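# Observations on chain architecture
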Amino acid sequence: MKSEPEPIRRILSNNIKKHRRLYCYTQEKLAEKAGLSSQTLNDIEGCRRWVSSKTLSGLAKALHLKEYQLLLPENDDFGVVKSDSSLKTLMALQKKVKKAIDAQFEEAVDSGIFR
């Protein structure tokens, strides 16, 4: 049984496709600009693969965006997020990222790196 991709994967996929088409890039051209294989980009756009922070940065740079912009849910014409579940997913992701950053910062402080 094939499962539905996580909403955040669909958001990322849709945003990459939308911006890739705005620049008239093929998957191959965007993959080249982002330093990826075309198969990797195909898997990301197909919601079969998640991205590392390095990959997300490369894609954002190639599309002239900030990383977070690739993770924002699509808005309607009035600026309202179309999917409440997408917003909840994005907020949960934000909490996880903040928690990871806080843990890394505390680890750096505990190791004495700031002395």
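Residues numbered from 1 in each chain as written. Predicted model: local features only at pLDDT ≥ 70, side-chain atom pairs only at ≥ 80, totals over all residues. Heavy atoms only, no water.

## A few points about the overall build of the protein chain
In terms of helices and strands, the protein chain carries five helices and zero strands. Secondary structure elements of the protein chain, listed N to C terminal, follow the sequence α-α-α-α-α. Looking at the 115 residues of the protein chain, the share that counts as buried comes to 31%. Within the protein chain, counting contacts between residues at least 6 apart in sequence, those at least 24 apart form 52% of the total. Of the roughly 8,400 Å² that the protein chain leaves accessible, carbon and sulfur atoms contribute 53%. (Helix = DSSP H or I, 4+ residues; strand = E, 2+ residues; numbered from the N terminus. Buried < 20%, exposed > 50% of the residue type's maximum accessible area, 1.4 Å probe, protein only. Contact = heavy atoms within 4.5 Å. Areas by Shrake-Rupley, 256 points an atom, 1.4 Å probe, with all protein chains shown as cover.)

## What about the environment of Ala 60?
Structurally, Ala 60 can be placed in helix H4 (residues 53–62). For the pair formed by Ala 60 and Ile 16, sequence separation is 44 residues and the distance between their alpha carbons is 8.7 Å. Aside from chain neighbours lying at most four places away, what touches Ala 60 is Leu 65, Lys 66, Glu 67 and Leu 70.

## Structural notes on the packing of helix H2 (residues 27–34) against helix H3 (residues 38–45)
Here H2 crosses H3 at 110 degrees, and the two axes come no closer than 8 Å. In terms of orientation, H2 lies roughly perpendicular with respect to H3. Residue-level inspection shows Gln 27, Glu 28, Leu 30 and Ala 31 of H2 in contact with H3, the latter providing Ser 38, Leu 41, Asn 42 and Glu 45. In the contact of H2 with H3, the residues fall into three nonpolar, three polar and two charged. (Axes fitted to C-alpha atoms, helices over the stretch in contact; angles between N-to-C directions. Parallel < 35°, antiparallel > 145°, perpendicular 65-115°, else oblique. Nonpolar A, V, L, I, M, F, W, Y, C, P; charged D, E, K, R; others polar.)

## Overview of the packing of aromatic side chains
Following the criterion strictly, the structure yields one aromatic pair and no others. Seen from their ring centres, Tyr 23 and Tyr 25 are 5.5 Å apart, and the 20 degrees between their planes marks the pair as stacked. (Phe/Tyr/Trp six-rings, centres within 6.5 Å; stacked < 30°, edge-to-face > 60°.)

## Some points on the nonpolar core
Taken as a class, soluble globular proteins show a tendency for nonpolar side chains to be buried jointly. Formed by 21 residues in total, the largest nonpolar core has its most connected members in Leu 12, Ile 16, Leu 30, Ile 44, Leu 59 and Leu 70. Among the secondary structure elements, those contributing two or more residues to this core are helix H1 (7–22), H2, H3 and H4. Filtering out sequence-adjacent residues up to four positions away, Leu 12 remains in contact with Ile 44, Trp 50, Val 51, Leu 56, Leu 70 and Leu 71. (Core = buried A, V, L, I, M, F, W, Y, C linked by side-chain atoms within 4.5 Å.)

## Notes on a nonpolar patch on the surface
A contiguous nonpolar patch, built from Phe 105, Val 109, Ile 113 and Phe 114 and spanning about 440 Å² of accessible area, is present on the exposed surface. Among the secondary structure elements, Phe 105 is positioned in helix H5 (residues 84–110). (Patch = residues over 30% accessible without salt bridge, like charges linked within 9 Å, V, L, I, M, F, W, Y side chains within 5 Å. Salt bridge = Lys/Arg side-chain N within 4 Å of Asp/Glu carboxyl O.)

## Remarks on the confidence of the model for the protein chain
Close inspection of predicted coordinates is inappropriate for parts of the model with low pLDDT. Taken residue by residue, the protein chain gives an average pLDDT of 85. The fraction at 70 or more is 85%. Across residues 76–81, confidence stays below pLDDT 50; counting only partners more than four residues off in sequence or on other chains, it has seven contacts. (pLDDT = per-residue confidence, 0-100.)

## With respect to the pattern of salt bridges
A complete count under the given rule lists five salt bridges for this structure. A salt bridge links Asp 43 to Arg 48; its shortest N-O distance comes to 3.3 Å. You can call Asp 43 buried: its relative accessible area is 12%. The salt bridge involving Asp 102 is made with Lys 98; its shortest N-O contact spans 2.9 Å. Note that Asp 102 and Lys 98 are positioned in helix H5 at a spacing of four residues, about one turn of the helix. When its relative accessible area of 32% is taken as the criterion, Asp 102 is described as partly exposed. Each of Asp 43, Arg 48 and Arg 49 takes part in one network of salt bridges that share partners.

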